[in-house]
Structure formats: structure tokens, C-alpha cells
Amino acid sequence: RAGSGSATPATVAPAAAPVATPELTVLYGTESGNSESLADLTVKAAKAAGFKSKAVNMADLKLGKLKDIQNLLVIVSTWGEGDPPETAADFYEAFMSDKAPKLADTRFSVMGLGDTSYEDFCKMGKDFDARLEALGGKRIADRVDADVDYDDDFAKWHKAALKALKAAAPASAPAPAAQPAAPIKYSRKNPFPAELNERVMLNGEGSAKETIHLEFSLEGSGLEYQAGDALAVVPHNAEDVVEDFIQTARLDPEGPVLIKEREFTLREALTSQLDITSLSMPVIKRYNEIAKDPKLTELLDPSNKSELQSYIYGREIIDLLHEFPAKEISADALVGIMRKLPPRLYSIASSPKAHPGEVHLTVGVVRYDAHGRNRKGVCSTYLAERIAEGEKADVFVTPNKHFKVPADNDLPMIMVGPGTGIAPFRAFIEERKELGAKGDNWLFFGDQHYLTDFLYQTEWQDYLADGILTKLDLAFSRDQKEKVYVQDRMRENSKELYAWLEKGAYFYVCGDASRMATDVDVALHDILQQEGGLSEDDAKAYVKKLKDDKRYLRDVY
Ligand code: 2AM
């Protein structure tokens, strides 16, 4: 009807006065993707409640825009010793400074994610909550500080916050959604029992390392993942560790205990429900409420912070029970000092395109001696020795949204993954092969010895021969007198590395966060200065741009 200017306007008779759909922003600061996933879930729930809603990464929000948001939910995790997630650091700094705008029209609520075993538990959540109020915002639901098992807290928080926001800003009724009968959905709340098809030791005899390759079946689970995602495994504690624990506490293993209104025997609870190893300040505090040991009380005094830290280092809950025995402790009270056994995340080592119905992991098995005891990593030894091939382990997928192969198949990838950091890059190469991607691929791998620790050696050599892997640089640190690391190989190849980056290469790092990833980051900056002729500041800006463009991606732990 274009151009029919003389047409009589149709009579429009609205059934009721139109209600504007209120908008709701879920602002998140994420390191490993948990806050981001929760933000996505909150947006879904908000939409169902009649809001127009979107999730916004702190990395992408201009501070000045904050005052325009009327309904604001914040989900932010705390990293390490009370730090913001790397991608949220700039926003956090500006938000805490006097550059932050007044917020007269903002209703808000905050959920903090953290880990009670760190001292500055949920510091980011607390800071955001207090600062939003100080800037004039109106808190419509209490902040929640959640530990690593955040599901219940999240459910409570987002329901309460949405309800309060809805009461403050009546939303239009949502369109009723069609509800087809859904098949069982496996998730964090309801993990899938995945059968272990195969376990292979990757290190040769005589190695100091114990790295295992695991293949699980996802057949019938409906679980989907992409190369770059992680698999969470819900472990059980080791039988000997549990028995030792029960004997030390002098309790009846068959006696009943209650956890979240479910009854277990003490042995069951200690085996499959509780984190019976991780020692932390809150655990000691709760324990001492029962034990009331003068020496512990002294150690818990804020003036003895560093003594407490050095006590905790290398110790587990069993040491506490040994060294500070409580005169009398009930099974329920003992259970009450511990947190829920958290699932462990492993970077997936397979592409689902190359192995349909399967998921592979590369796991470093943790064993060491400390304070006169043999210690073992809970989940890595669970995977190494407590499930047999043909048995099942509970798993679920946790997406890592940005840690993916380049969307453009022609762009080059540079991958730095020493030790078990190799895992996602095996997945990436498989993925690119299946995609028929033509982009160049360069891998830096390192470990202690060429002969025993070259993980997936034949696979890499085949990929090199096929041309799928363009370049492979190896750093075996202990095969010569001087230590050689992946970042040394990067420096030796600085010219070419810089040329790849200039061609648009993605730069990926996976593995040890505390030292390797930091050293690799320093090497990257140095290479940019040297080969690009950049000043220190310009090199920093170059790296920031890489990060902003999501071309510098890290999966470090
Ligand atoms: P090292 O243990 O011989 O010192 C995988 O564990 C590999 O990473 C090993 O070869 C290990 O060497 C090496 N590695 C240790 N510290 C590192 C660092 N700061 N940067 C890079 N690689 C490191």
C-alpha cells in the first residue's frame, strides 16, 4: 500500500492502555565464565517475568551509561586475593573512583561469586554492593555472597531480586511459552553419569609426571560441548582418606548425618558429599567454635594472619583434627564445618566433531608429601584410580564462551600450552581439521623431558606431516642444564610471531596461571616492543586491543 496517501486510517482500538516493557540489565564480571552463565540464566528468567533484558559484560560497559540503567542486577566474581576478574578490572577501577556517576534512578541487587577458602571472600560483590548504594542507587534485594557451590544461592537471589524489581516496575505479562514435554536435562544440578571408555597413561616410564588421557561416553546424555569448553567432574573422596578421617574423629561411620535435609551415613557423607580436605580460615573458625582450643583461638586472632596462613599451607582438615583434637564432637557438628565437595573443571581435550558422543580429558594427577603425610588431589586421583574403565563418573559441561577457534577459518592460531595446558589445543586442532579450516596453526608445547613427557607426541607429528599443524616449537625444560620454557621459544621466534599477530593471528594460552601465563605475557609484550618497535605503553595498548578483540584468550588455572 505504499504511496496510498488517501487511504483512511484504520481505527485502532487498543484493548488497554499500553504498558511499556521495563528494561533490565544484568551486568557481569567474569573470569572463568561462571558469572557469565549465571547472567545468561538471569536474563532468561527476567524475560519470562516480562522484562526486556540483556546481559552486559563489564568489559563492554561505559561507566557513564550506568546512570541510564533503571533496573540493574550485578553478578561479579572475585579472583585470587580479592581481585576483580581481568576483563572487569578497568570498569571496577573507574566505578570505584570519583568518576562514577550519581545513580538517582537505579534499582539494584548484587550477587557475588567467590571461594570461602580465600580470605577476601566475595570482595568484588561487597564492593559493588556498597558502591552502588553510596552512589545513590536503591538496593531492592539483599546481596548474596556465594561459595563455589552457588546453585542454591543463585536460585534464591535471582528469584528474590526479580520479584522485588517487578513489584517496583510492573512488567507486562509475558507471552505464554509453548511447553513441550522435555527430556531429562543434565546439568550442574543434575550431572550425567558418563561411562569411562578408556584411560591411557601419557607419560613414559621414569617420568616425574603422571598425566592421564581419559575418554568418556556422552551417549544418550543430550550434553553438547564445543572445543574450548570445560568438563566438570563430581569426584568422590578416597576410601583410605575417609577411613583415616573417621578414626581420627572417633566417630561411628555408620551413624546418620543430615545434609540439606537428606540423611546419609557418616561414611557416605564424607565420601561423596563433603570437601573433607581443603583447609581454610572459615573451616578452622567453625571447627574452633566446637573445639575451643586456646592455641587455635590465638591463631585465629586477626593479628596472627600470617601465622595462620603458614599453618594452613600444605595442611588439610585431617591435620586440624590431629593437632587440635576436640574433646567431644558430634558427627553432625563435624559435618557442619565442611563445605560441599565441589566439582572440578577440566579443559576438554577433544572436538565433538572428531569424536561424536565422546569427551576426552588430559589430567595431571596430583600427589605429594607434606607435613609427614601422603596427600592426593581429590579429583585427579579419583579419575586415576577410583573409577575403572566401564564405570561411570558424574559430569556436566561448563561452556567457555570466548575460548574458541577463530570464527574465520582463514585466520592463524598461535597456541601456548605446556603440560596439561595442551588439552584444549588438541581439541582446537581436531576442530580445525574437521572444519577444513585453512588458517595456519602454531603450537608451543613444553614439559620436563622429551622422552617421557611429550604428550600426544604421535598425534602432533602426524598433524605436522599432514600440514594441519604449521609449526611446532618444543621446550623440554630438564633435558639440558639450563631451563628452557615455552616463552624462551617464543622469544627465539619473535620475528615470525609478530608477523603472525600482524596477519590477524589469535593468541591462546592454557595452563599454569601463577607463573607460566605471567611469563608468557611478559614475553609477548617484549616481542611486540622488539619486533614492532613499540614503546612499553604502545605494547600494552597493542595487547589490550588483542584482548578487546578477543584475539588474546587464556584458559589458565
Ligand atoms: P620445570 O618444572 O622443569 O621448571 C610443564 O610442567 C612445564 O612447564 C615443565 O617443563 C615446567 O618446567 C615448565 N614451567 C615451569 N615454570 C614455568 C614458567 N614460569 N614458565 C613456563 N614454563 C614453566
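Described below are features of the structure shown in this document. Remember, it's a predicted structure, so these values are computed and weren't measured experimentally. (Residues numbered from 1 in each chain as written. Predicted model: local features only at pLDDT ≥ 70, side-chain atom pairs only at ≥ 80, totals over all residues. Heavy atoms only, no water.)

**Here we look at the packing of helix α2 (residues 89-96) against helix α3 (residues 123-134)**
Okay, step 1: Taken N-terminus to C-terminus, the directions of α2 and α3 make an angle of 35 degrees; their axes are 11 Å apart at the nearest point. In this structure, the crossing between α2 and α3 has a hand that is left-handed. Across the interface between the two elements, Phe91, Tyr92, Phe95 and Met96 of α2 pack against Lys123, Met124, Asp127, Phe128, Arg131 and Leu132 of α3. (Axes fitted to C-alpha atoms, helices over the stretch in contact; angles between N-to-C directions. Helix = DSSP H or I, 4+ residues; strand = E, 2+ residues; numbered from the N terminus. Left-handed = near helix turned anticlockwise from the far one by under 90°. Contact = heavy atoms within 4.5 Å.)

**Focus: the nonpolar core**
Nonpolar side chains tend to gather and get buried jointly when the protein is soluble and globular.
Okay, step 1: Counting residues in hydrophobic clusters, the biggest one holds 36 residues, and the most contacted among them are Phe245, Leu270, Ile284, Tyr287, Leu334 and Met338.
Okay, step 2: Of all elements in the fold, only α5 (239-249), β10 (256-259), α6 (266-273), α7 (281-291), α8 (294-299), α9 (305-312), α10 (317-323) and α11 (331-336) reach the threshold of two or more residues within this core. (Core = buried A, V, L, I, M, F, W, Y, C linked by side-chain atoms within 4.5 Å. Buried < 20%, exposed > 50% of the residue type's maximum accessible area, 1.4 Å probe, protein only.)

**Structural notes on the packing of α5 against α6**
Okay, step 1: Relative orientation of the contacting elements α5 and α6 amounts to 135 degrees, with a least axis distance of 10 Å. Considering their axes alone, α5 and α6 lie oblique with respect to each other. Pair α5 / α6 crosses with right-handed handedness. Where α5 abuts α6, its residues Val242, Glu243, Phe245 and Ile246 lie against Leu266, Arg267, Leu270 and Thr271. (Parallel < 35°, antiparallel > 145°, perpendicular 65-115°, else oblique.)

**A word on the layout of surface pockets**
Okay, step 1: In this model, the second largest pocket occupies a volume close to 1,200 Å³.
Okay, step 2: Along the wall of the second largest pocket there are 34 residues; nearest its centre are Leu41, Lys185, Tyr186, Ser187 and Arg188.
Okay, step 3: Where the lining of the second largest pocket is concerned, the elements lending two or more residues are α1 (34-48), α4 (151-168) and β16 (392-398).
Okay, step 4: Of all the elements, α1 adds the most residues to the lining of the second largest pocket, at seven residues.
Okay, step 5: Here the residues of the lining of the second largest pocket sort into 14 nonpolar, nine polar and 11 charged. (1 Å grid on protein atoms, 1.4 Å probe; cavity = no way out; pocket = protein on both sides within 12 Å on 5 of 7 lines; lining within 4 Å. Points joined across faces, edges and corners; volume = space filled by probe spheres on them. Nonpolar A, V, L, I, M, F, W, Y, C, P; charged D, E, K, R; others polar.)

**Quick look at α3**
Okay, step 1: For α3, with 12 residues, the first-to-last C-alpha span of 16 Å sits near the 16 Å given by 1.5 Å per residue.
Okay, step 2: If you check which residues of α3 are buried, you get Met124, Gly125, Asp127, Phe128, Asp129, Arg131 and Leu132.
Okay, step 3: On its buried face, α3 is in contact with β3 (71-77), α2, β4 (107-113) and β5 (138-139).
Okay, step 4: Remark: Gly136 follows α3 within two positions and exhibits a positive phi of approximately 110 degrees. (Expected span 1.5 Å × (residues − 1).)

**Some points on the environment of Val233**
Okay, step 1: Tracing the backbone shows Val233 in strand β9 (residues 230-234).
Okay, step 2: Setting aside residues up to four positions removed in sequence, Val233 forms contacts with Pro343, Arg344, Tyr346, Leu361, Cys379, Tyr382, Leu383, Asp394 and Val395.

**Focus: the sheet that holds strand β8 (residues 211-217)**
Okay, step 1: Across the sheet, which stays open at both edges, the six strands sit in the order β12-β9-β16-β7-β8-β13 with antiparallel pairing between neighbours. Of all the strands in the sheet, the pair left with one neighbour each is β12 (344-347) and β13 (358-364). Within the sheet, the average angular offset between the axes of one strand and its neighbour, ignoring direction, is 40 degrees.
Okay, step 2: Two elements, β9 and β16, share five bridges in a ladder whose sense is antiparallel. Bridge pairing in β16 links Ala230 to Thr398.
Okay, step 3: Each of β7 (192-201), β8, β9, β12, β13 and β16 is contacted by helix α12 (residues 378-386), which is oriented at about 70 degrees to β12, the strand it contacts most. (Pairing = 2+ DSSP bridges.)

**Examining the pairing of strand β14 (residues 367-370)**
Okay, step 1: In the sheet, β14 pairs with strand β15 (residues 373-376) via four bridges, with the strands oriented antiparallel. Pairing of Ala370 across the sheet is with Arg373, part of β15.

**Brief notes about the site of the ligand**
Okay, step 1: The ligand sits among 13 residues. The nearest are Ser477, Arg478, Lys483, Tyr485 and Asp519.
Okay, step 2: Contacts to the ligand include Tyr485, whose side-chain N or O atom sits 2.5 Å from an oxygen atom.
Okay, step 3: Taking Gln487, its side chain carries an N or O atom lying 3.0 Å from a nitrogen atom of the ligand.
Okay, step 4: Burial of the ligand by the protein amounts to 85% of the accessible area it has alone, namely 480 Å².
Okay, step 5: Looking at the shell around the ligand, the elements that each hand over two or more residues are β18 (441-447) and α18 (516-532).
Okay, step 6: Within the shell around the ligand, the residues separate by chemical class into two nonpolar, five polar and six charged. (Near = heavy atom within 4 Å. Polar contact = N/O pair within 3.5 Å; in protein donor to acceptor, adjacent residues only side chain to side chain. Areas by Shrake-Rupley, 256 points an atom, 1.4 Å probe, with all protein chains shown as cover.)

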